[in-house]
Amino acid sequence: MADLKVKAMGMQFKNPILTASGTFGFGEEFSEFYDLSLLGGICSKGLTLNSKPGNTGIRVWETPMGLINSIGLQNPGVDRFITEELPKMKSYKTKVIANLGGNTEQEYLTGIEKLNNTDVDLIELNISCPNVKCGGMAFGIKSEVAFEIVSKVKSACQKPLMVKLSPNAENIAEMAVACEEAGADSISLINTIKAMAIDIKKRKAVFDNVYAGLSGPCVKPVALRMVHEVCKAVKVPVCGLGGIMSAEDAIEFIMAGATLIQIGTGNFIKPNIAIDIINGIEEFMDKNNIKTLDEIRGII
Amino acid sequence: MKTLKSKILLNEKVLNNIYKLVIEFNSEIDEIKPGQFFMLKTLDNSFLLPRPISVNDANENTVTFLYRVEGIGTTQICKLREKEEIQAVGSLGNGFNLNELNGKIAVVGGGIGIAPLLYLTKKLGNNADVYLGYKDCVYYNEEFEKYANSVTVITEDGSSGKKGYVTDYINYENYDAVVTCGPEIMMFKISDGCKAKNVSCYMSLERRMACGLGACLGCTVETKIGNKRACKDGPVFLSEELLI
Ligand SMILES: Cc1cc2nc3c(=O)[nH]c(=O)nc-3n(C[C@H](O)[C@H](O)[C@H](O)COP(=O)(O)OP(=O)(O)OC[C@H]3O[C@@H](n4cnc5c(N)ncnc54)[C@H](O)[C@@H]3O)c2cc1C
Ligand SMILES: Cc1cc2nc3c(=O)[nH]c(=O)nc-3n(C[C@H](O)[C@H](O)[C@H](O)COP(=O)(O)O)c2cc1C
Ligand code: FES
């Protein structure tokens, strides 16, 4: 029998499959389709210290095998997350990951302090959202800037800290190393790729913000390459994501070196896709006589 | 439980680019409310996001949809044949609240917006006055005859029924509530008419959707009490709640 358990950041995950921030709400909507305790973990919608209404205009747009979104971190704020959403998330008996974004250093630090006092298992620091005007991704482009913010957050943070990188970083491997040196316990990548769409009939950009974030199967080859580069560059565990739609996709990321996996856009395509992927990995392992994922992790 | 996959019993052309799809469930499903929808997708990867399509009619273990072929998704869906499987996730959304629809009700549909109104009219039990507005070609009006108190057909070019726009033919003061689905311009004209006569107006809104489940926050509707999700908090809204 294949063993899907994963040890990382001093914790044990039931399996490597987590659901990605912004694609799974706070879990509740998917509990109508399957038992969420089967997941390795759930990442919350991207939180900010204060609530955010999100962006105006069109927010989602389909492209060939991709999705461009301009949600703009609509969220209830850290306080309401803690009182209203976290208790429900904890009841699902899986790892709960709070994804935290921000516009300023102070916002990140105050958010971290509040989350320190909760039973969140892990904090995913989002320095990579392309959909908010200042900040968010601004911290995730230059390694020096990321080093600064991650160092400060790390010294305030009492939970394991995973830093989520943007594929729009100047140099993805250098960026990952900078975050590791600043104290990140883990790196996740990729967030969405900055993209755009034009409505030629209206002669206007589709999104009010003009640029937005691309995800889904079309980004997978790029995400896989970046995960591979980062896995070669850092020692901390890496969580790979970007366009994963099947067990085969997930196994590619594991072979490229990823310890954990996140499923994002896939949750929209088929609500129980994460379960199909967990079962598919187990089947693959059984068929190929693989006992633990360590046997295939990073073999490329 | 919500369904994920279903078998197709029928998928045929009604007229021009309008199709009727009937699917069958082999397990028990939640009760379906009029105004709810399903997210439909072919099982292959010919397109990415499932497409929201309203329930046109529902029976014990079948659901009927009426859809217009628009772009790549509906073009692929209309190629599916009897006995093939389709991904149909639902039923989703709030639907119409029948308890709020008392007294005399007008049901007003424009174009393919008539789709969800058939099941509603059926549930209203021969009480509703139905107004159906079309550009030129008329379809499905006979289905409404079975369940409505009256059916008025209006075409823009006058080729069938009355000539003009649906909004020219409704006497709002005759009704306790008006329910509408169709182009937004039409729905807002109706909502203005209702407001002037102090009549409640319920409308079913369309937004681009990625998940249809309430998770992605892609389908925002601005209301007086903040952003709502068309897929989960809607698609049916009381017009006076809206900020549009
Ligand atoms: C709650 C709800 C119920 C609906 N019920 C029906 C129905 O019963 N019958 C019917 O014919 N149509 C209905 N629609 C509209 C239908 O979803 C779109 O026509 C369909 O998604 C178009 O897909 P496509 O791939 O053919 O077109 P494309 O233009 O190729 O689609 C590209 C993308 O845009 C989205 N999109 C395009 N048009 C619309 C639209 N009008 N509304 C929302 N998203 C859109 C698609 O979902 C897709 O993601 C409904 C829409 C909503 C939101
Ligand atoms: C609709 C939507 C909303 C998202 N919101 C967030 C967010 O709030 N925080 C975040 O870190 N990433 C967010 N993301 C990015 C995803 O978590 C993920 O990094 C990205 O989509 C790539 O993975 P995928 O191709 O599997 O979706 C969002 C993605 C989508 C599609
Ligand atoms: S479509 Fe995803 S929240 Fe409505």
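J.: Looking at this model, I keep getting lost on the layout of surface pockets. Mind explaining?
T.: Empty space among the atoms can be located by rolling a probe the size of a water molecule over them. Each pocket or cavity is described by its volume, and for the second largest pocket that value is around 710 Å³. Along the walls of the second largest pocket sit 26 residues, with Gln74(A), Pro76(A), Arg80(A), Leu217(B) and Asn227(B) positioned nearest its centre. Its residues assigned to classes, the lining of the second largest pocket comprises 6 nonpolar, 7 polar and 13 charged.

J.: Even after reading the chapter, I still don't get the sheet that holds strand 5 (residues 60-63) of chain A, so can you show me in this structure?
T.: In a beta sheet, neighbouring strands are held together by backbone hydrogen bonds and run either parallel or antiparallel to one another. All names here are of chain A. Pairing is antiparallel across the open sheet formed by 4 strands, whose spatial order is 5-6-14-11. With partners counted over all chains shown, the strands left at the sheet margins are strand 5 and strand 11 (193-196), one partner each. Going from strand to strand, the sheet's axes swing by 40 degrees on average, the running direction of each strand aside. Judged from the 4 bridges that link them, strand 11 and strand 14 (residues 211-215) form a sheet pairing that is antiparallel. Each residue of the ladder has a partner; that of Ala 195, found in strand 14, is Ala 212.

J.: What is the right way to read the pattern of salt bridges from this model?
T.: Between side chains of opposite charge, a pair can form as their charged atoms come close. All names here are of chain B. Going through the model one piece at a time under the given rule, you end up with 26 salt bridges over all chains. The salt bridge involving Lys 5 is made with Glu 85; its shortest N-O contact spans 3.8 Å. Taken as a pair, Lys 5 in strand 1 (residues 3-15) and Glu 85 in strand 7 (residues 85-92) lie far apart in primary sequence, 80 residues in all. On the basis of relative accessible area, Lys 5 is assigned to the partly exposed category, the value being 47%. Salt-bridge contacts for Glu 184 lead to Arg 207; the nearest nitrogen and oxygen are separated by 2.9 Å. Taken as a pair, Glu 184 in helix 4 (residues 184-196) and Arg 207 in the loop between strand 13 (200-204) and strand 14 (220-223) lie far apart in primary sequence, 23 residues in all.

J.: Just to check I follow, could you spell out the interface of chain A and chain B for this structure?
T.: Where interface size is given, it is often the accessible area lost as the parts come together that is meant. On the side of chain B, 30 residues touch chain A, which itself brings 28 residues to the contact. Where chain A abuts chain B, roughly 2,400 Å² becomes buried across the two surfaces, and 66% of that area is made up of carbon and sulfur atoms. On the chain A side of the interface with chain B, the three residues burying the most area are Phe33(A), Glu62(A) and Ile269(A), jointly 26% of the side's total. Taken together, the connections running from chain A to chain B amount to 3 salt bridges. Salt-bridge contacts for Arg229(B) lead to Glu29(A); the nearest nitrogen and oxygen are separated by 3.2 Å. Along the contact surface separating chain A from chain B lie 8 residue pairs in polar contact (both at pLDDT 80 or more). Contributions of two or more residues to the side of chain A that touches chain B are made by strand 5, strand 6 (66-69) and helix 7 (266-269) of chain A. Residue classes in the side of chain A that touches chain B are distributed as 15 nonpolar, 7 polar and 6 charged.

J.: Is there a simple way to explain the site of ligand 2 in this structure?
T.: All names here are of chain A. In the region of ligand 2, 23 residues are neighbours, and Ser 21, Lys 164, Gly 216, Gly 243 and Thr 265 sit closest. Note that an oxygen atom of ligand 2 is positioned 2.8 Å from one of the side-chain N or O atoms of Lys 164. The separation between an oxygen atom of ligand 2 and a polar main-chain atom of Gly 264 is 3.1 Å. Its residues placed into classes, the shell around ligand 2 shows 6 nonpolar, 15 polar and 2 charged.

J.: Is there a simple way to explain the pairing of strand 5 of chain A in this structure?
T.: Within a regular strand, side chains alternate between the sheet's two faces. In terms of strand pairing, strand 5 of chain A meets strand 6 of chain A through 4 bridges, oriented antiparallel. Bridge pairing links Trp61(A) to Ile68(A) in strand 6 of chain A.

J.: It is not clear to me how the packing of aromatic side chains should be interpreted in this structure. Could you clarify?
T.: Aromatic ring pairs are described here by two measures, namely the spacing of the ring centres and the angle between the planes. A complete count under the given rule lists 8 aromatic pairs over all chains for this structure. Pairing Phe24(A) with Phe30(A) gives two aromatic rings, centres 4.1 Å apart and planes at 15 degrees, and the pair type is stacked. Taking the centre distance of 5.8 Å and the plane angle of 25 degrees together, the rings of Tyr19(B) and Tyr67(B) count as stacked. Here Tyr19(B), found in strand 2 (residues 18-24), pairs with Tyr67(B), found in strand 6 (residues 62-68); they are 48 residues apart in sequence, far enough to count as distant. Of the two residues, Tyr19(B) and Tyr67(B), both sit in the buried class.

J.: Looking at this structure, how should I read the confidence of the model for chain B?
T.: This prediction gives chain B a mean pLDDT of 94; 100% of its residues lie at or above 70. Across the assembled chains, the prediction reports ipTM 0.94 with pTM 0.96.

J.: For this particular structure, what's the right way to read the site of ligand 1?
T.: Among the 20 residues in the neighbourhood of ligand 1, the closest are listed as Pro52(B), Gly73(B), Thr74(B), Glu206(B) and Arg208(B). One chain alone does not account for the residues near ligand 1; they come from chains A and B. Within the contact set of ligand 1, an oxygen atom lies 2.7 Å away from a side-chain nitrogen or oxygen of Arg51(B). At 2.6 Å, a side-chain N or O of Glu206(B) approaches a nitrogen atom of ligand 1.

J.: Help me understand the side chain of Thr152(B), please; the structure alone is not making it clear to me.
T.: By the element assignment, Thr152(B) lies in strand 10 (residues 150-155). For Thr152(B), the residues in contact, after removing those within four places along its chain, are Val130(B), Tyr131(B), Leu132(B) and Lys162(B).

J.: Honestly, the nonpolar core in this entry has me stumped. Any pointers?
T.: A general tendency of soluble globular proteins is for nonpolar side chains to be buried together. Ranked by size, the top nonpolar core spans 141 residues in total, and within it Ile127(A), Leu165(A), Cys179(A), Leu189(A) and Ile281(A) carry the most contacts. The biggest single contributor to this core is helix 8 (residues 273-287) of chain A, with 7 residues. Each of domain 1 (2-92) and domain 2 (98-203) of chain B contributes no fewer than three residues to this core. Beyond its immediate stretch of four places on either side in the chain, Ile281(A) contacts Leu4(A), Ile17(A), Ala247(A), Ala250(A), Ile251(A) and Leu293(A). In this structure, Ile105(B), Leu117(B), Leu118(B) and Val236(B) belong to the second largest nonpolar core, which totals 29 residues.

J.: Sorry, what's going on with the sheet that holds strand 7 of chain B here?
T.: Residue and element names in this part refer to chain B. As summarised here, the arrangement of the 7 strands in space is 4-3-7-1-2-6-5, forming an open sheet in which the pairing is antiparallel. In this open sheet, the two edge strands, each paired with only one partner strand, are strand 4 (51-54) and strand 5 (57-58). Bridge count for strand 1 against strand 2 is 7 bridges, and the pairing is antiparallel. Residue pairing for strand 2: Lys 7 is matched across the bridge by Glu 24.

Conventions we followed
What you see as residue numbers is a count from 1 along each chain, following the sequence as written. To read the labels, note that chains go from A and ligands from 1, taken in the order they are written. Totals for whole chains, interfaces and linings use all residues, but because this is a predicted model, local features are given only for residues with pLDDT of at least 70 and pairs of side-chain atoms are given and counted only at 80 or more. Think of the side-chain values as coming from all heavy atoms in the structure, minus any hydrogens and water. Detection works on a 1 Å grid of protein atoms alone, calling trapped sets that fit a 1.4 Å probe cavities and calling open sets with protein on both sides within 12 Å along at least five of seven lines pockets, with lining residues defined by an atom within 4 Å of a point. Grid points are joined across faces, edges and corners, and a volume is the space filled by probe spheres set on the points. Three classes are used: nonpolar for Ala, Val, Leu, Ile, Met, Phe, Trp, Tyr, Cys and Pro, charged for Asp, Glu, Lys and Arg, and polar for all others, with Gly counted as polar. DSSP calls a pair of strands paired once it identifies at least 2 bridges connecting them. Numbering of helices and strands runs from the N terminus; a helix is a DSSP stretch of H or I covering at least four residues, while a strand is a stretch of E covering at least two. To obtain each axis, a line is fitted to C-alpha atoms, and for helices this fit is confined to the stretch in contact; angles are then taken between N-to-C directions over 0 to 180 degrees. In what follows, salt bridge is the name for a side-chain nitrogen of Lys or Arg lying within 4 Å of a carboxyl oxygen of Asp or Glu. Partly exposed residues are those whose accessible area sits between 20% and 50% of the maximum for their type, while under 20% is buried and over 50% is exposed, using a 1.4 Å probe and protein chains only. Contacts are assigned to residue pairs with any non-hydrogen atoms lying within 4.5 Å of each other. The term buried area denotes the loss of accessible surface (1.4 Å probe radius) that occurs when two parts are joined, taken as the sum for both partners. Pairs of N or O atoms are called polar contacts if they sit within 3.5 Å, as long as, within protein, a hydrogen donor faces a hydrogen acceptor (for residues adjacent in sequence, only side-chain-to-side-chain pairs). Nearness is defined per residue: one heavy atom within 4 Å of the molecule or strand is enough. Classification of ring pairs uses Phe, Tyr and Trp, with its six-membered ring standing for Trp, and accepts pairs whose centres are within 6.5 Å; under 30 degrees between planes counts as stacked, over 60 as edge-to-face, and the remaining range as tilted. The pLDDT value tells you how sure the predictor is about a given residue, anywhere from 0 up to 100. For our purposes a nonpolar core is just a set of buried Ala, Val, Leu, Ile, Met, Phe, Trp, Tyr and Cys residues, chained together by side-chain atoms within 4.5 Å. All domain edges in this entry derive from an automatic or database-based domain assignment.

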